[in-house]
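Given next are the chains, with one letter for each unit.
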Amino acid sequence: MMRVPVPARLRSAVRRWFDSRYISIADHRQDIRDALWEVQTLRREMASLQSEVERLREARSPASAKIDKSMVEDTRRLAQETAKALDGLLQNEVLLWQAVDDLRARLPREGAATSEERPCV
Amino acid sequence: MRVSWSAGRLTFRLDPEDEITGKAADGHPVKLAINACTVAGAPDDAHPDLFAVAAWTVVAPWTRRRITFDRAVSAEVAAALHDGWGIEAGPVGAEPRPAGPVLAISYSGGADSVAAATVYPEAPFVHFKRVPHDRVPNRWPHYRSDVLAKLARRTGRELTVVASDLEYTLAEPRPGYPEHHAVAAGALLLADRLGLGGLAFGYELGSRWLGGDRYLLRYTPDNPMWAPHGAWGRLFASAGVHIVLPVGGVSEAVTMRLALGSALREHVRWCLTGTDGPCRTCAKCLYKELIQAAVERRPLDTPIPADHPRARKWLRPPPYGGQEMVEYGLARVPGIERTLFGGALDHFDATEESTSWLDRCYPPALDEIPDPWRDQAAAFMRADVGLMTEDEARRVETWGAAPGAAPGRENALR
């Protein structure tokens, strides 16, 4: 490497010129300190938000899930029982008309001209 | 049983001897849900025999001794009911209905009816569309009859869609046709308007000759549902609407091949639940996938895992409906031993050679197609499918027979 002697005045002038264009080490330290503070603040906020989420989740989910599930089960049971009951009801209606027709056939023929009832529709 | 029609609404009343639980023509017990249903678009001036036969497709399972119609029927229809079922039908007093010139296809959109449509490219379609019943809650909304009707419209064929809730007259097994023939109720009522002399169904070899679906699972030349000389065949003929089975002599492998090779390929849909396409997970999709994979000679492509309940049905020891097609698939699908059908291999020694009869047409099926439409179907089968040899035909005629036993003849009557 080749060393070139530079006059002290020129050297300090050049250094001043450079320094005026760059942030000082002290400023850098301060910036880093500020950033660190920001990070720590955000970390604290994150932690508190997280615990808030946990709290809300704890508070809500088990109770509401229980209600939903039992309601769904109940609705399902009710729907199935209703449908089954309706099946029986409709079949009974058919059998009732069968019995009515049978009775009418045994009656004396005076009412024979009555119009044919039809199942309700 | 007493039946009456009013503006497309069928109402029926049980006689003292009739009961809620009856039997369909294939012997299956069926329970009545309600005694009224509608068939939309039924003309009021249809021939009384058409009203009578359409009503019979619904009320037959629950009628024990006699049926009284709200208008006089022909002696021919009354005789067919008497000879076929032992039922006294009346009042009698109408001229019989002469058969018309037109053959329509009862088109469901599945592979079998598409194949039937391929045999008769000029035949119009009648499509049965299930609609909800006004008094029976619809617990089966996954059945997408709207999708099937839309696909039928896209075929571009002359089409009549008949909307009906008649399937809800059946409480058990579940809503469905009380008799298989109820799918034709709308076509029957419209027969005068459409000039019908015949109605073609997609019922294939298994249903017509092998006692398939839920019937006897053996050779059934006198099948009461589908033989022309069976109870239903004679009843339809007596009303001037002959039952025609264009693909009655070929297996579901052939109908699959014909359907996938036809111009209607894009509109084929055997799945009743899918919307944008077949669901691929219902029992029917699985069965048809086995057949399609066998026809296309490719590995099985199904999302159903081997331990799924739907897979189990095909792992039971035989016999069961559709067994001939399971054998056909086992012999042909590459890598079948690594699929959910692997366990079924234990029950069969199926080879391509032992199942090759299912690739050809059983000639007697062509002989029983009514005269005006026989030649076209026979020419089609000779050209596109090929006829069974005598040895192959014997495979049909000994199907399901116990070793050493003669081919069975079931009683055509109940």
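Residues numbered from 1 in each chain as written. Chains lettered and ligands numbered in written order. Predicted model: local features only at pLDDT ≥ 70, side-chain atom pairs only at ≥ 80, totals over all residues.

A. Region of the structure containing the pairing of strand S1 (residues 2–6) of chain B. Residues and elements named next belong to chain B. Side chains of S1 alternate between two faces, with Val3 and Trp5 buried and Arg2, Ser4 and Ser6 left unburied. Where S1 meets strand S2 (residues 9–13), five bridges bridge the pair, whose relative direction is antiparallel. Bridge pairing links Ser6 to Arg9 in S2. Counted between consecutive antiparallel strands, the loop separating S1 from S2 contains two residues, among which Ala7 sits at a positive phi close to 50 degrees. (Buried ≥ 20, exposed ≤ 12 C-beta atoms within 10 Å, placed from the backbone. Helix = DSSP H or I, 4+ residues; strand = E, 2+ residues; numbered from the N terminus. Pairing = 2+ DSSP bridges.)

B. Representation of the sheet that holds strand S11 (residues 170–172) of chain B within the structure. Residue and element names in this part refer to chain B. Taken in spatial order, the three strands line up as S3-S4-S11 in an open sheet, and their pairing is antiparallel. Edge positions in the open sheet fall to strand S3 (21–23) and S11, since each of these has one partner strand only. In this sheet, adjacent strand axes meet at a mean angle of 50 degrees when their direction is disregarded. Two elements, strand S4 (residues 29–32) and S11, share two bridges in a ladder whose sense is antiparallel. Note on S11: the bridge partner recorded for Lys31 is Glu172. (Axes fitted to C-alpha atoms, helices over the stretch in contact; angles between N-to-C directions.)

C. The pairing of strand S12 (residues 196–200) of chain B, seen in detail. Residue and element names in this part refer to chain B. Counting buried positions over the five residues of S12 gives five, a clear majority of the element. Here four bridges tie strand S8 (residues 102–106) to S12, and the two strands are oriented parallel to one another. Note on S12: the bridge partner recorded for Ile105 is Ala200. Here S12 pairs with strand S13 (residues 242–244) via three bridges, running parallel. Residue pairing in the sheet places Ala200 in a bridge with Val244 of S13.

D. Helix H1 (residues 48–59) of chain B, seen in detail. If you check H1(B), its first and last C-alpha atoms are 16 Å apart, about what 12 residues at 1.5 Å a residue would give, namely 16 Å. Summarising burial for H1(B): 12 of the 12 residues are buried, a large majority. (Expected span 1.5 Å × (residues − 1).)

E. How the structure looks around the packing of helix H9 (residues 252–260) of chain B against helix H10 (residues 283–296) of chain B. All names here are of chain B. Put simply, H9 and H10 touch, their axes get as near as 9 Å, and they point 70 degrees apart. By the angle between their directions, the pair H9 and H10 is classed as roughly perpendicular. Contacts from Glu252, Ala253, Met256 and Arg257 of H9 reach H10 at Ile291, Gln292, Ala294 and Val295. Classifying every residue of the contact of H9 with H10 gives five nonpolar, one polar and two charged. (Parallel < 35°, antiparallel > 145°, perpendicular 65-115°, else oblique. Contact = placed C-beta atoms within 7 Å. Nonpolar A, V, L, I, M, F, W, Y, C, P; charged D, E, K, R; others polar.)

F. Expanded view of the domain arrangement of chain B. Residue and element names in this part refer to chain B. You can read the domains of chain B as domain 1 (2–252 + 360–397) and domain 2 (280–357). The straight-line distance from the C-alpha centre of domain 1 to that of domain 2 is 29 Å. The interface is formed by 13 residues belonging to domain 1 together with nine residues belonging to domain 2. Here the side of domain 1 that touches domain 2 is built from residues that sort into four nonpolar, three polar and six charged. (Domains from an automatic or database assignment.)

G. Structural view of the environment of B:Arg139. Tracing the backbone shows B:Arg139 in the loop between strand S9 (125–130) and helix H4 (145–154). Given 11 C-beta atoms within a 10 Å radius, B:Arg139 is considered exposed.

H. Molecular detail of the interface of chain B and chain A. With 15 residues of chain B at the interface, the matching set in chain A holds 13 residues. Of the residues assigned to the side of chain B that touches chain A, the class counts are 10 nonpolar, two polar and three charged.

I. Quick peek at the sheet that holds S9(B). All names here are of chain B. Strand order across the open sheet formed by five strands is S10-S9-S8-S12-S13, with parallel pairing between neighbours. Each edge of the sheet is formed by a strand with only one pairing partner; in this case those strands are strand S10 (159–164) and S13. For this sheet, the mean inter-axis angle between neighbouring strands, taken without regard to orientation, is 30 degrees. Relative to S10, S9 is paired through six bridges, and the arrangement is parallel. Each bridged residue has a counterpart across the sheet, and for Val126 the counterpart in S10 is Thr160. Sheet strands in contact with H4 are S9 and S10, and its direction is about 165 degrees off that of S9.

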